[in-house]
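Geometric and topological summary
For reference, the chains in residue letters:
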Amino acid sequence: MKILITGGAGFIGSHVADRRLARGDRVVVLDDFNDFYDPSLKRKNVAPHAGNPNYRLVEADIRDRDAVFRVFREETPDAVVHLAARAGVRPSLLQPVLYEEVNCVGTLHLLDAAVVHGRPRFVFASSSSVYGINAKVPFSEEDPIDRPISPYATTKRAGELHVFTAHHIHGLEAVCLRFFTVYGPRQRPEMAIARFIRSIDRGDPIPFYGDGESLRDYTYVDDIADGVEAAIEGPPGFDIINLGGSRPITLSRLVGEIERALGKTAKLERHPDQPGDVPVTYAAVEKAERLLNFHARVPLEEGIRRSVEWYRTHGSGP
Ligand SMILES: NC(=O)c1ccc[n+]([C@@H]2O[C@H](COP(=O)([O-])OP(=O)(O)OC[C@H]3O[C@@H](n4cnc5c(N)ncnc54)[C@H](O)[C@@H]3O)[C@@H](O)[C@H]2O)c1
């Protein structure tokens, strides 16, 4: 199978690329190595594949329509895993236009190219943030979600709608996966768990928003990669599917788990809740179980232990 992975040098994408190459697939990674975080970390993620004849790296921006069409023309992939995006809620408050251009216009370029070049199966990375301040938990794919509370969430919902339209008009087989806070080795360095591990280890204070009772549904990256792989194979048609651990935990407990794994105590720097942050995320995963045979297998304690182990060997980071 030939797979195009956009954002394949990033955190989640590089895990998916590793797996597909290990299976013997041809993998084309399309990534622009932008400086949202230190691009040398992304280079390290893909460095092991440099000599692999089944691997091709295309350095391009998905906002560049010609570059996107060129890749499809040259490769005609069987499947596209579209992970390239400006991620993160808080930075999107400062740069909504950039988020719109990358996450929506860039996605449209990929969909247009896919429709012209053989209609490969299309897997789109969406986000739990589309649920906004949903009062009902757990969050179900059927819940009404017309009130996103950050530009990032708006662009991810818009991306889902563009994917549906391409399915409806052109018969593109597609699935949108709503990831719930993903963590593990290679996590983006600005995300909470990576930052907390680094700061607690160094004895630096960690920013602690709100009263510590906000709830997040954390999902280990291997479980997410399992879900992505299943989505490459099916189901037919169009679907939106949550991928989450379905066991939300408080910020206080998260910090406690990291303290235990490191054997160190956190210094907390307290801040009020941030605009754009949601009080709870909690995935209903019945649809993922039914359609993708998805089961989040790695419990938080184990995932944090593995993340700390990886940090100690690779990731002292920026
Ligand atoms: N990590 C999470 O918790 C999480 C949760 C929900 C959704 N997601 C989504 O999953 C996807 C992957 O997230 P991640 O955490 O691995 O982030 P990441 O930033 O590590 O990976 C994204 C990759 O896309 C590339 N990219 C960004 N803009 C690009 C552009 N214009 N052209 C080409 N490449 C570009 C980046 O260089 C990066 O390597 C994103 O779409 C993100 O919105 C992630």
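Preceding block: the structure.
All values derive from a computational prediction rather than experimental measurement.

Parameters and conventions
- Starting afresh in each chain, residues are numbered from 1 along the sequence in its written order.
- Two thresholds apply to this predicted model, a pLDDT of at least 70 for residue-level local features and 80 or more for giving and counting side-chain atom pairs, whereas whole-chain, interface and lining totals are computed over all residues.
- Only runs of H or I of at least four residues qualify as helices and only runs of E of at least two qualify as strands under DSSP, and these elements are numbered from the N terminus.
- Any residue surrounded by 20 or more other C-beta atoms within 10 Å of its C-beta is treated as buried, while 12 or fewer makes it exposed and the intermediate range makes it partly exposed; C-beta atoms here are placed from the backbone.
- Note that contacts rest on C-beta atoms placed from the backbone: two residues are in contact if these are within 7 Å.
- Using a C-beta atom placed from the backbone for every residue, we mark a residue as near a molecule or strand if that atom lies within 6 Å of it.
- When residue character is reported, Ala, Val, Leu, Ile, Met, Phe, Trp, Tyr, Cys and Pro are called nonpolar, Asp, Glu, Lys and Arg charged, and the others, Gly included, polar.
- Defined on buried residues, the nonpolar core groups Ala, Val, Leu, Ile, Met, Phe, Trp, Tyr and Cys residues joined through C-beta atoms within 7 Å.
- Lines fitted to C-alpha atoms define the axes, with helix axes restricted to the stretch in contact, and inter-axis angles between N-to-C directions lie between 0 and 180 degrees.
- Working rule for handedness: look at the near helix, and if it is turned counterclockwise from the far one by less than a right angle, call the crossing left-handed; if clockwise, right-handed.
- In a helix, the anticipated span is given by 1.5 Å times the number of residues less one.
- As used here, the arc belongs to the directions running from the helix axis to the C-beta atoms.
- The pairing criterion for strands is at least two bridges between them, as found by DSSP.

On to the overall build of the protein chain. Each helix and strand in the protein chain was counted, giving 11 helices and 13 strands. Counting only C-alpha atoms, the protein chain reaches 55 × 45 × 35 Å along its principal axes. Within the protein chain, buried positions represent 46% of all 318 residues. Looking at the protein chain alone, contacts between residues at least 24 apart form 82% of all its contacts between residues at least 6 apart.

What follows deals with unusual backbone geometry. In this structure, P138 follows V137 across a cis peptide bond, with omega equal to -10°. Within the secondary structure layout, P138 lies in the loop between β5 (121-127) and α6 (151-170). The omega angle of the peptide bond from G234 to P235 is 0°, so this bond is cis rather than trans. Note that P235 resides in the loop between α8 (221-233) and β11 (238-243). Not every positive phi belongs to a glycine, and F33 is a case in point at roughly 50°. Relative to the helices and strands, F33 is located in the loop between β2 (26-31) and α2 (39-46).

Further remarks concern the site of the ligand. Of all residues adjacent to the ligand, which total 28 residues, the nearest are G7, G10, F11, A85 and F179. Among the secondary structure elements, those contributing two or more residues to the shell around the ligand are α1 (11-22), α5 (96-116) and β5. Grouping the constituent residues of the shell around the ligand by class yields 14 nonpolar, seven polar and seven charged.

Attention now goes to the nonpolar core. Within the largest apolar cluster, 82 residues are counted, with the highest numbers of intra-cluster contacts made by I5, V81, V123, L177 and V228. Beyond its immediate chain neighbours, meaning those up to four positions away, V123 contacts A79, V80, V81, H82, V175, L177, V228, A231 and I232.

Once that is clear, we can look at the packing of helix α3 (residues 65-75) against α5. Any two packed helices are characterised by how steeply their axes cross, that is the angle between the axes, and by the distance between the axes. Direction vectors running N to C along α3 and α5 enclose 35°, while the axes themselves pass 9 Å from each other. As for the relative orientation of α3 and α5, their crossing is right-handed in sense. Across the interface between the two elements, R65, V68, F69 and F72 of α3 pack against H109, L110, A113 and A114 of α5.

Turning our eyes to something else, we now look at helix α9 (residues 251-262). The periodicity of an α-helix, 3.6 residues per turn, causes residues three or four positions apart to be oriented the same way. The end-to-end C-alpha distance of α9 is 17 Å, a good match for the 16 Å that 12 residues give at a rise of 1.5 Å each. Along α9, the positions that sit buried rather than exposed are L254, V255, E257, I258 and A261. Buried residues of α9 fall within an arc of 155° about the axis and therefore sit on the same side. Tucked into the core, α9 has its buried residues touching α7 (192-202), β12 (249-250) and α11 (300-313).

Looking now at the pairing of strand β6 (residues 174-179). Each regular strand shows side chains that alternate between the opposite faces of the sheet. For β6, the buried fraction is high: six of the six residues fall into the buried class. Here β6 shows no split at all, with A174, C176 and R178 on one side and V175, L177 and F179 on the other all buried. For β5 and β6, the ladder comprises six bridges, and the chain directions are parallel. The residue bridging F122 from the neighbouring strand is A174, located in β6.

So, on to the sheet that holds β2. As summarised here, the arrangement of the seven strands in space is β3-β2-β1-β4-β5-β6-β11, forming an open sheet in which the pairing is parallel. At either end of the open sheet lies a strand with only one pairing partner, and these are β3 (55-59) and β11. Strand after strand, the sheet turns through a mean of 15° between neighbouring axes, direction not considered. Across six bridges, β6 lies against β11 in parallel orientation. Across the sheet, the residue bridging to L177 is I241, located in β11.

When the terminal C-alpha atoms of α11 are compared, their 20 Å separation across 14 residues agrees well with the 20 Å that a helix rising 1.5 Å per residue should span. Buried within α11 we find G303, I304, S307, V308 and Y311. Taken end-on, α11 shows its buried residues confined to a sector of 135°, consistent with a single buried face. Among the exposed residues of α11, those pointing more than 90 degrees away from its buried face are E301, E302, R312 and T313.

Looking now at the environment of R86. Along the chain, the position of R86 falls in the loop between β4 (79-82) and α4 (89-94). The exposure class assigned to R86 is buried, which follows from the 20 C-beta atoms found within 10 Å. Counting along the chain gives 14 residues from R86 to E100, while the straight-line C-alpha distance between them is 8.9 Å. Excluding its chain neighbours within four sequence positions, the residues that come into contact with R86 are F36, S92, L98, Y99, V102 and N103.

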